[in-house]
Every structure is written in C-alpha cells, then in structure tokens.
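# Survey of secondary and tertiary structure
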Amino acid sequence: MPESQQACIHLPVFDISQPLSPSSLSSLSLACKEWGFFHIINHGVSKNLYKKLYSLSNHLFSLPCESKIKVGPSSSLKSYTLISLHLLSLKVSEFLDLTSMVLHKVPQNFSSIIQTLNSGNIYNSCYISLISGRACFLKIYVICMCSTYDSETLKEYGNKMSELSKRIVKAVLMSLGEDFDTNFYESDFSNCHGYMRINNYTAPESVEQEKGVEGLGMHTDMSCVTIVCQDDIGGLQVRSKEGKWMDINPCEDTLVVNIGDLMHAWSNGKLRSSEHRVVLKRYVNRFSLAFFWCFEDEKVILAPNEVVGEGNFRMYKPFVCRDYLKFRESCEKGKFDTVGFTVKDFAGNGG
Ligand SMILES: O=C(O)CCC(=O)C(=O)O
Ligand SMILES: [Fe+2]
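You'll find the protein chain entered in an unreviewed UniProt entry as Fe2OG dioxygenase domain-containing protein, with Hevea brasiliensis given as the organism. Under the UniProt heading Sequence similarities (unreviewed entry), the entry covering the protein chain gives this text: "Belongs to the iron/ascorbate-dependent oxidoreductase family."

And the structure:
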C-alpha cells in the first residue's frame, strides 16, 4: 500500500475522570499489550491551558534565530547538515525554577548552557538528549526557561500532568492484574517524576508526496508512561507488531497515552513500549507537547514476581533507571532515531 493510503488505527478512548469499569480495564489491558497506546478524555487539562502553552511556545519558536539557543549538529552527525533536531527535556519541578533565565541572555554555546545549568545545581537529575532526525527540516530548539513562559502556567500544567500521570499509572496497574495498583503503586511508582517536552516541527520545505518527511524518527520512549497532546495536523504513527506504520489521528479534547520502556521492563514485557514516529505530510508547522512520567533515576527496575507470574521467564535483568537513560543517550545505537537498541538489548535475558 502506498504510504499516502496509510492505515489508521482506532485506539480505545478512556474517560480518565472515572474509575474504569471491568470491561474498560480489559480493553485497556488489550490496548497496552497490543499497541502500547490509547486515548484519554476528561483529563482535566483545559483547552485554555493548552492554548496558553501553545501561544507561549509559538512565541518562543518564532523568535529570531539569534535569540534562540543554537546548537549545531554534533560532529558524528555532520552528514546531516540540514537536519537538526534538538531537544531538551526538563524535569517539571526544575523547569519551574528557571524563570530567571531570560532566553536571549542564555549563552549561545550549548555546552556552556549545560554547564550553567549544572553549576546552579538546578539541573542535576535532568537528562538532555541531543539527537538528530534523519531526513527532515525539523528543528526542535532547546527550550530553556525564558521570560515568555509565566511560571503560573507551567506550574498549573506540571501539577495537572503529574496528577494525570498518577491516575493513568494506577489504571494501567489495575488493568495488568487484580490489586496490582494497591500492591505496587506505593512501593514502585510513588517517586515518579515528570519531564515536559515541547516539540515544534517546522513546516517541511518539500514533501515527497507518498512518503512524507520524517519529523521525529522511529523511537521508543524512556518513560513509564508518556502523555502527548498533538495539534490537529496529524503525523503521529505507531508501528504494529508486524512492522506496519499506523496513523494515530488527532482527536479534539483527547490526549494520546503510550507505554514507555521503563514500564515495559517493569511489567516483564506485558505492556508494550511501541516504536513510534512523526511523519509530516503537509507544508505546515506541527506542534506537540509530550509529558514523560519516569521512575526516579536511582530506582532499580525489576519486575515483581507476581507480575512475572509463576513459571514465566523473566525477560529483564534488574537495572538502574539512570544507567538505561545513559545507555540510550550515549550509545550511538541506543539513540532515539536509531531505535535498534532499547531495553531488550540493555537488560534482556535473551530467549
Ligand atoms: O510529536 C508527537 O506527536 C510525538 C512526540 C514524541 O513521540 C516524543 O516527543 O517522544
Ligand atoms: Fe515518543
């Protein structure tokens, strides 16, 4: 099938403001196993808040280049001179503390920015991914806290998304097994924290009609769960188990949730962390907000015996969350857009 006739997937939609009924839980369980993706509504994040975030981000992205933090492609990626996908994830609590950093005052040079952030100790446990897309005109500029973001908006967003993430994790645990939320939420998930990421995909200059332009290369998320708000442009795709790309069409007032590698490992592979990507097919700017809910860096991830189930093979050796994040960021093959290596390669028991 030509890619322009891309199949579209109808993911189940859950009203997350309500306790999920037994039938919703079984459909959630199915969605997590099959796709690792589902939709939520009544999530409590108002249109108005998204509008504010959107216009603040829009303002930031439309600043002249010199005012943005410019990061050149790393030397190993020289062949992709046109391509620069720069991405910085900030831990929400720390993001809020950076209000004093006015964007145009931020040093031009990337490493000195990192140093600045590190030396202020604000940035201790944040991780930074500097990655390159493969074939696109996408630019995601490093979002550093700047005066264009009023901290009230971010605080509201951070709090809402944290609450939402907790509710989602509990629902996912309930769908995985009876009493799993009461048995494992406190012990394993109560120290999770969130990272927000603002993705701005600049309009492609040319699009090969059939194929589109890859805005964000195939990857899996390094989170427990990710919540994505995509605008109405579309382009998010999930890869089926058979390797077929399926569109996840935008739907008003609906957020996309997906399982990340950390939850996949914790669930002994029962919850799928699917490969996904963004393909741009129109000459328009696309915008999305992603919120990653992650284990604390020092957590040792080990699927509990009850989750593995008696007689079942343990898929992953225990590993420290931070080490996996480092692996993904430092190992060329573990990088976002070359997802060849993920948690299976890092901690898999083989077989
Ligand atoms: O832009 C999107 O819709 C998805 C973004 C995404 O997958 C990510 O930021 O990890
Ligand atoms: Fe993602």
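Of all residues adjacent to ligand 1, which total 14 residues, the nearest are Arg 197, Tyr 201, His 219, Arg 286 and Ser 288. Measuring from an oxygen atom of ligand 1, one finds a side-chain N or O atom of His 219 at 3.0 Å. Contacts to ligand 1 include Asp 221, whose side-chain N or O atom sits 3.2 Å from an oxygen atom. The site holding ligand 1 turns out to be the largest cavity. Of all the secondary structure elements, the ones that give two or more residues to the shell around ligand 1 are strand S8 (193-201), strand S9 (213-219), strand S14 (276-280) and strand S15 (286-294). Among the elements that line the shell around ligand 1, the one with the most residues is S15, at four residues.

Taken together, His 219 (NE2), Asp 221 (OD) and His 276 (NE2) make up the full set of protein donors to the iron ion (ligand 2), lying 2.1 to 2.2 Å away. Counting residues between consecutive donors of the iron ion (ligand 2) along the chain gives the motif H-x1-D-x54-H. Of this pair, His 219 sits in strand S9 while His 276 sits in strand S14; the two residues are 57 residues apart in sequence, bridging distant segments of the chain. His 276 sits in the buried class, given a relative accessible area of 6%.

Here we take up the side chain of Gln 230. For Gln 230, the position within the fold is in strand S10 (residues 225-230). Looking at Gln 230, its side chain comes within polar contact range of the main-chain oxygen of Ile 248, at 3.0 Å. Here Arg 286 takes part through its side chain, which lies 2.8 Å from a polar atom of the side chain of Gln 230. Not counting residues up to four positions away in its chain, the partners in contact with Gln 230 are Gly 235, Leu 236, Ile 248, Asn 249, Pro 250, Val 256, Arg 286, Phe 287 and Ser 288.

Turning next to empty space enclosed by the protein. One pass over the structure, following the stated rule, counts two cavities of 30 Å³ or more. Within this model, the largest cavity holds a volume of roughly 150 Å³. Breaking the lining of the largest cavity down by element, the ones donating at least two residues are S8, S9, S10, S14 and S15. Per-element tally for the lining of the largest cavity: the top contributor is S15, with four residues. Among the residues making up the lining of the largest cavity, the classes are represented as eight nonpolar, six polar and three charged.

It is worth spelling out helix H6 (residues 180-189) at this point. By the burial criterion, the buried members of H6 are Phe 180, Asp 181, Phe 184, Tyr 185, Asp 188 and Phe 189. Around the axis of H6, the buried residues are gathered within 115° of arc, so they sit on the same side. Seen from the open side of H6, the exposed residues pointing more than 90 degrees away from its buried face are Thr 182, Glu 186 and Ser 187.

Let us now look at the sheet that holds strand S11 (residues 236-239). Read from one edge of the open sheet, five strands run S1-S12-S11-S14-S9, paired in mixed fashion. The sheet is open, and its two borders are formed by strand S1 (7-8) and S9, each paired with just one other strand. Strand direction decides the pairing type here: S9 and S14, joined by four bridges, are antiparallel. Across the sheet, the residue bridging to Glu 214 is Val 279, located in S14.

The next thing to look at is helix H1 (residues 22-34). Within an α-helix, residues lying three or four positions from one another point in the same direction, as the helix has 3.6 residues per turn. Compared with the 18 Å implied by 1.5 Å per residue over 13 residues, the 18 Å span of H1 between its first and last C-alpha is a close match. Residues of H1 that are buried include every one of Leu 25, Leu 28, Ser 29, Ala 31 and Cys 32, and no others. Seen from one end, H1 has its buried residues packed into an arc of 165°, which puts them on one side. Exposed residues lying more than 90 degrees from the buried face of H1 are Ser 23 and Leu 30. Note on H1: the residue one or two positions beyond its end, Gly 36, has a positive phi of about 70°.

Moving on, we get to the packing of aromatic side chains. Per the counting criterion, the structure on display carries 13 aromatic pairs. For the pair Tyr 50 and Tyr 157, a centre-to-centre distance of 6.3 Å together with 70° between the ring planes defines the contact as edge-to-face. With a gap of 107 residues between them, Tyr 50 in helix H2 (residues 47-61) and Tyr 157 in helix H5 (residues 151-176) connect regions that are remote in the sequence. You can call Tyr 50 buried: its relative accessible area is 11%. Their ring planes at 65° and their centres at 5.8 Å tell us that Phe 319 and Tyr 324 sit as a pair that is edge-to-face. By relative accessible area, Phe 319 is classed as buried at 6%. You can call Tyr 324 buried: its relative accessible area is 0%. Aromatic rings pair up to connect Phe 180, Phe 184, Tyr 185, Phe 189, Trp 266 and Phe 295 into one cluster. Taking NZ or CZ as reference, Lys 170 lies 4.5 Å from the ring centre of Tyr 185, over its face. Sitting over the ring of Phe 295, Lys 299 keeps its end group 5.0 Å from the ring centre.

Thresholds, definitions, all that
Residues numbered from 1 in each chain as written. Chains lettered and ligands numbered in written order. Predicted model: local features only at pLDDT ≥ 70, side-chain atom pairs only at ≥ 80, totals over all residues. Heavy atoms only, no water. UniProt positions renumbered as here; feature names shortened; annotations may be inferred. Near = heavy atom within 4 Å. Polar contact = N/O pair within 3.5 Å; in protein donor to acceptor, adjacent residues only side chain to side chain. 1 Å grid on protein atoms, 1.4 Å probe; cavity = no way out; pocket = protein on both sides within 12 Å on 5 of 7 lines; lining within 4 Å. Sits in = over half its atoms within 2 Å of the grid points. Helix = DSSP H or I, 4+ residues; strand = E, 2+ residues; numbered from the N terminus. Donors = N, O, S within 2.8 Å, 3.2 Å for Na, K, Ca; no water. Buried < 20%, exposed > 50% of the residue type's maximum accessible area, 1.4 Å probe, protein only. Contact = heavy atoms within 4.5 Å. Points joined across faces, edges and corners; volume = space filled by probe spheres on them. Nonpolar A, V, L, I, M, F, W, Y, C, P; charged D, E, K, R; others polar. Arc of directions from axis to C-beta. Pairing = 2+ DSSP bridges. Expected span 1.5 Å × (residues − 1). Phe/Tyr/Trp six-rings, centres within 6.5 Å; stacked < 30°, edge-to-face > 60°. Lys NZ or Arg CZ within 6 Å of the ring centre and 35° of its normal.

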